[in-house]
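# Observations on the model geometry
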Amino acid sequence: IALDAATALRPFGQEPILLTDASVQDLSTRFGVRVQFDTDVTAMERAHSLHVLTTALTDLRSVIRSLDLTGLTFDIGRIDARAAHLAFHEPRKRVIRLDPATMAGTIAHELAHDLDWQLAARKYRTRSNYATDYATKNRRALAHAVEGLVATAAPMNEPANADVGARRPAEMFARRFEWYVASTLALR
């Protein structure tokens with residue numbers, strides 16, 4: 001009955017039918033990540049979050065085959081509705097905070113921030129900034145490419161209300177990365 005109902009409702013859904021249970025251990029084994037939940041996340045939200053995370057990471061790995069997430073933690077819990085963000089990356093801890101209600105649309109963006117942070121550590125030997133921000137500030141080779149991303153951003157018409165952070169190199173990189181992932185998957 002559940003399969004028939006899910007199949008009948010599929011045209012109205014945005015994601016595949018959930019028939020198997022993903023687990024925290026599965027994600028750890030397949031992707032090298034840690035997943036933790038706040039205590040107020042319900043069992044149903046946990047199951048759905050694990051499914052969304054598994055699907056997203058599988059999709060990302062199909063786009064970026066060398067994607068290495070070992071050591072990254074996904075912390076799933078409520079984010080205040082008044083907050084200026086739907087998810088966020090805590091770089092020094094390598095933690096991505098996701099809200100179960102909005103996580104599907106934020107994973108690629110936050111992973112881009114983590115990749116940017118890892119690049120800073122590997123290429124520039126710094127743990128105080130994202131590589132894109134560091135390269136732009138310090139006029140490194142990567143700066144030219146990053147400035148190109150910022151230059152192609154939509155102009156800010158109302159400076160008083162503009163999101164200045166959106167023009168930051170690390171934000172531009174994350175937004176372009178999520179666009180690249182979405183368009184690559186859409187072409188399939």
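For the structure, see preceding data.
Note that the structure is a prediction, hence the values are computed from the model and not measured.

As a further point, take helix H4 (residues 107–123). Compared with an ideal rise of 1.5 Å per residue, which puts 17 residues at 24 Å, H4 spans 24 Å between its outermost C-alpha atoms and is within 8% of the ideal. Within H4, 13 of the 17 residues are buried, which leaves the element mostly enclosed by the surrounding structure. A positive backbone phi angle near 55° is found at Arg125, which sits one or two residues after H4.

Now for the environment of Val181. Tracing the backbone shows Val181 in helix H7 (residues 169–187). Sequence separation of Val181 and Ala108 is 73 residues, and the distance between their C-alpha atoms is 7.4 Å. Beyond its immediate stretch of four places on either side in the chain, Val181 contacts Leu60 and Val63.

Another aspect to go through is the packing of helix H3 (residues 43–63) against H4. At a closest axis distance of 11 Å, the pairing of H3 and H4 adopts a crossing angle of 60°. Taken together, H3 and H4 sit at an angle that is classed as oblique. In terms of crossing hand, the pair formed by H3 and H4 is right-handed. Contact residues: H3 offers Val52, Leu53, Ala56, Leu57 and Leu60, while H4 offers Ile107, Ala108 and Leu111.

What follows deals with the nonpolar core. Core analysis: the biggest nonpolar cluster contains 30 residues, and Leu53, Leu57 and Phe74 have the highest contact counts within it. Considering each element in turn, this core owes the most residues, seven residues, to H3. Aside from chain neighbours lying at most four places away, what touches Leu53 is Leu27, Val35, Phe74, Ile76, Leu98, Met103 and Ile107.

The next thing to look at is the sheet that holds strand E2 (residues 73–76). With mixed pairing, four strands are arranged side by side in an open sheet as E1-E2-E4-E3. Where the open sheet ends on each side, the last strands, each with one partner, are strand E1 (34–37) and strand E3 (87–90). Across this sheet, the average inter-strand angle for adjacent strands is 20°, counted without regard to direction. As paired elements, E1 and E2 share four bridges and run parallel to each other. By the bridge assignment, Phe37 is partnered in E2 with Ile76. Sitting on the sheet, H3 is in contact with E1, E2 and strand E4 (95–98), with an inclination near 155° to E1.

What follows concerns the environment of His89. Mapped onto the fold, His89 is located in strand E3. Using a relative accessible area of 9% as the deciding quantity, one classes His89 as buried. Setting aside residues no more than four positions away along its own chain, His89 makes contact with Val95, Ile96, Glu110, His113, Asp114, Trp117 and Tyr130.

Now for the packing of H3 against H7. Contact pair H3 / H7: the axes reach a minimum separation of 10 Å and the direction vectors enclose 85°. In terms of axis orientation, H3 runs roughly perpendicular to H7. Between H3 and H7, the contacting residues are Asp59, Leu60, Ser62 and Val63 on the first element and Phe177, Tyr180, Val181, Thr184 and Leu185 on the second.

All right, on to the pattern of salt bridges then. Tallying each qualifying case throughout the model produces eight salt bridges. Glu90 is the partner of Lys93 in a salt bridge, and the nearest nitrogen-oxygen pair spans 3.7 Å. By relative accessible area, which is 25% here, Glu90 ends up partly exposed. A salt bridge links Asp114 to Arg94, with the shortest nitrogen-to-oxygen separation between them at 2.8 Å. Of this pair, Asp114 sits in helix H4 while Arg94 sits in the loop between E3 and E4; the two residues are 20 residues apart in sequence, bridging distant segments of the chain. For the pair formed by Asp114 and Arg94, the shared burial category is buried. One salt-bridge network, held together by shared partners, links Asp38, Asp75 and Arg97.

Quick notes on the rules
Residues numbered from 1 in each chain as written. Predicted model: local features only at pLDDT ≥ 70, side-chain atom pairs only at ≥ 80, totals over all residues. Heavy atoms only, no water. Helix = DSSP H or I, 4+ residues; strand = E, 2+ residues; numbered from the N terminus. Expected span 1.5 Å × (residues − 1). Buried < 20%, exposed > 50% of the residue type's maximum accessible area, 1.4 Å probe, protein only. Contact = heavy atoms within 4.5 Å. Axes fitted to C-alpha atoms, helices over the stretch in contact; angles between N-to-C directions. Parallel < 35°, antiparallel > 145°, perpendicular 65-115°, else oblique. Left-handed = near helix turned anticlockwise from the far one by under 90°. Core = buried A, V, L, I, M, F, W, Y, C linked by side-chain atoms within 4.5 Å. Pairing = 2+ DSSP bridges. Salt bridge = Lys/Arg side-chain N within 4 Å of Asp/Glu carboxyl O.

So far we have only geometry, and geometry alone does not tell us how the molecule works.
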